[in-house]
Amino acid sequence: MAPMPISDVKVGHIDDVQELKNTKSPQIIPERFIRDSTERPKLDKTIHPSCNNIPVIDFSKLCNGNKDDFCSEIFKIKISCEEWGFFQVINHEIDLELLEKIEKVAMEFFMMPLEEKKKYPMSPGTVQGYGQAFVFSENQKLDWCNMFALGLEPHYLRNPKLWPTKPSDFSETVEVYSREIRKLCKNLLKYIAVSLECNEDVFEEMFGVAVQAVRMNYYPACPRPDLVLGLSPHSDGSALTVLQQGKGSSVGLQILKHNTWIPVHPVPNALVINIGDTIEVLTNGRYKSVEHRAVTHREKDRLSIVTFYAPSYEIELGPMQELVDDSNPCKYRRYNHGEYSKHYVTNKLQGKRTLEFAKIN
Ligand code: OGA
Ligand code: NI
């Protein structure tokens, strides 16, 4: 087969990846999506399974009353947060039907015609609605992804104009789903606190009314997954992120460990949890907000539903006293979380660059 041309001026200015398949040459990747050679994913590199074990936490063992079970899962949480910044949770008590339902409404939303989705536009400089977040210049490369995001809690974050009326059960499903995920986040933060040998309510007491947002990411199949990224490398600005990988999706999420991109293989019915920048700062770097990205697949599309859980914008935060001493000098300054969030959403995704905001040199 002759090598496929990688760019074609005739494609013009299409920046909605789902619409590309309706163009005259759907096999051609528009220039704006083609990454510089240093950024392209090396998809042929196989990773040995033994270095590919993102820890799996059995949530039921944390609440069954058995002390040994509890201690061993808490220890696993500690190791996960120190060494991976990621873990998966199974037996999380969230109804599996609800997980299916949120995937169903999300897919129905993304499959609607563009005109329908454009009724909920993401305005420039904001992160709610349908569109491409974190794009600030014409020269910036675009991710092979469509996003739809909503602020959920506290209620003042909600923009009712951005809540879709189609599919008809979308809003209600998001509402129920986010209540369940919120409970899970609160519980996980308790266990994370215990794993640090802190009072279990330490985060809850600090956070005020926590901010919660959801983002649905849809990654269409891509004829040249070797040239594009589904989502640029970044760390999350949250305290904790809960990511649901769509059933039947391709493997797409990758995390950076020892300079190698490691794929996160979906575990059936598990939720992927990762530490965000806030916990990294609060723990003075002991728990890591690890850089991650998404890659695409030649034949399969992929959906992820991502919840960000973070402190109230009003709070001031910095490393907790308990985690700063002579051998662990303070790495981050104190700052207002609202300012950090603003800084995060007004800069392009670029690895762990956003956390420079708080770093003490
Ligand atoms: C995110 C994210 C990865 C994915 O939305 O912050 O990291 O697999 N998503 O969709
Ligand atoms: Ni992320």
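Quick look at the structure, then.

Rules and cut-offs
- Residues numbered from 1 in each chain as written.
- Chains lettered and ligands numbered in written order.
- Predicted model: local features only at pLDDT ≥ 70, side-chain atom pairs only at ≥ 80, totals over all residues.
- Heavy atoms only, no water.
- Near = heavy atom within 4 Å.
- Polar contact = N/O pair within 3.5 Å; in protein donor to acceptor, adjacent residues only side chain to side chain.
- Areas by Shrake-Rupley, 256 points an atom, 1.4 Å probe, with all protein chains shown as cover.
- 1 Å grid on protein atoms, 1.4 Å probe; cavity = no way out; pocket = protein on both sides within 12 Å on 5 of 7 lines; lining within 4 Å.
- Sits in = over half its atoms within 2 Å of the grid points.
- Helix = DSSP H or I, 4+ residues; strand = E, 2+ residues; numbered from the N terminus.
- Expected span 1.5 Å × (residues − 1).
- Buried < 20%, exposed > 50% of the residue type's maximum accessible area, 1.4 Å probe, protein only.
- Arc of directions from axis to C-beta.
- Contact = heavy atoms within 4.5 Å.
- Axes fitted to C-alpha atoms, helices over the stretch in contact; angles between N-to-C directions.
- Parallel < 35°, antiparallel > 145°, perpendicular 65-115°, else oblique.
- Nonpolar A, V, L, I, M, F, W, Y, C, P; charged D, E, K, R; others polar.
- Salt bridge = Lys/Arg side-chain N within 4 Å of Asp/Glu carboxyl O.
- Pairing = 2+ DSSP bridges.
- Core = buried A, V, L, I, M, F, W, Y, C linked by side-chain atoms within 4.5 Å.

### With respect to the site of ligand 1
For step 1, the next point in the chain: With respect to spatial proximity, 13 residues lie near ligand 1, and among them Arg 215, Tyr 219, His 292, Arg 302 and Ser 304 are the closest.
For step 2, the next point in the chain: In the environment of ligand 1, an oxygen atom lies 3.1 Å from a nitrogen or oxygen atom belonging to the side chain of Asn 217.
For step 3, the next point in the chain: Within the side chain of Tyr 219, a nitrogen or oxygen atom sits 2.6 Å from an oxygen atom of ligand 1.
For step 4, the next point in the chain: In isolation ligand 1 offers 290 Å² of accessible surface; the protein chains occlude 99% of this area.
For step 5, the next point in the chain: Among the detected pockets, ligand 1 sits in the largest cavity.

### Things to note about helix 1 (residues 67-84)
For step 1, the next point in the chain: Relative to the 26 Å expected for 18 residues at 1.5 Å per residue, helix 1 spans 25 Å between its end C-alpha atoms, a close match to the ideal helical length.
For step 2, the next point in the chain: All of the buried residues along helix 1 are Glu 73, Ile 74, Ile 77, Ser 80, Cys 81 and Trp 84. Projected onto a plane normal to the axis of helix 1, the buried residues spread over an arc of 140° and lie on a single side. Of the exposed residues in helix 1, those oriented more than 90 degrees away from the buried face are Lys 67 and Asp 68.
For step 3, the next point in the chain: The elements touched by buried residues of helix 1 are strand 1 (56-58), strand 2 (86-90), helix 4 (170-195), strand 8 (253-257), strand 9 (260-263) and strand 10 (271-275).
For step 4, the next point in the chain: Measuring from the side-chain oxygen of the N-cap residue of helix 1 to the backbone nitrogen of Asp 68 gives 2.9 Å; that N-cap residue is Asn 66.

### Focus: the packing of helix 1 against helix 4
For step 1, the next point in the chain: Viewed as axis vectors pointing N to C, helix 1 and helix 4 meet at an angle of 85°, and their least axial separation amounts to 9 Å. Between helix 1 and helix 4, the angle falls in the class roughly perpendicular. On helix 4, the residues that touch Phe 70, Ile 74, Ile 77 and Lys 78 of helix 1 are Tyr 191, Ile 192, Val 194 and Ser 195.
For step 2, the next point in the chain: Broken down by class, the residue content of the contact of helix 1 with helix 4 amounts to six nonpolar, one polar and one charged.

### Section: the pattern of salt bridges
For step 1, the next point in the chain: Counted by the stated rule, this structure contains 18 salt bridges.
For step 2, the next point in the chain: With its nearest N and O atoms 3.4 Å apart, the salt bridge here joins Glu 116 to Lys 166. Of this pair, Glu 116 sits in helix 3 (residues 114-117) while Lys 166 sits in the loop between strand 4 (146-153) and helix 4; the two residues are 50 residues apart in sequence, bridging distant segments of the chain.
For step 3, the next point in the chain: We classify Lys 166 as partly exposed; its relative accessible area is 42%.
For step 4, the next point in the chain: The structure contains a network of salt bridges with shared partners spanning Lys 101, Lys 104, Glu 108 and Asp 169.

### Examining the pairing of strand 7 (residues 240-245)
For step 1, the next point in the chain: Buried residues dominate strand 7, accounting for six of its six residues.
For step 2, the next point in the chain: The alternating pattern of strand 7 places Leu 240, Val 242 and Gln 244 and Thr 241, Leu 243 and Gln 245 on opposite faces, both of which are buried.
For step 3, the next point in the chain: Bridge count between strand 7 and strand 10: four bridges; the pairing is antiparallel. Residue pairing in the sheet places Leu 243 in a bridge with Val 272 of strand 10.

### A few points about helix 7 (residues 337-345)
Note that an α-helix has 3.6 residues per turn; residues three or four places apart therefore point the same way.
For step 1, the next point in the chain: Where helix 7 is concerned, the buried positions are His 337, Gly 338, Tyr 340, Ser 341 and Tyr 344. Along the axis of helix 7, the buried residues cluster in a sector spanning 160°; they form a single face. Those residues of helix 7 that are exposed and angled more than 90 degrees off the buried face are Glu 339 and Lys 342.
For step 2, the next point in the chain: Buried residues along helix 7 sit in contact with strand 6 (231-234), helix 6 (277-282), strand 12 (302-310), strand 13 (316-317) and strand 14 (335-336).
For step 3, the next point in the chain: A side-chain oxygen of the first residue of helix 7 lies 2.9 Å from the backbone nitrogen of Gly 338; this N-cap is Asn 336.

### Structural notes on the nonpolar core
For step 1, the next point in the chain: By size, the foremost hydrophobic cluster in this structure holds 78 residues, and its most contacted members are Phe 148, Phe 203 and Met 216.
For step 2, the next point in the chain: Broken down by element, this core gets its largest block of residues, 11 residues, from helix 4.
For step 3, the next point in the chain: Discounting chain neighbours no more than four positions away, the residues touching Phe 203 are Leu 189, Ile 192, Ala 193, Leu 196, Ile 279, Leu 282 and Met 320.

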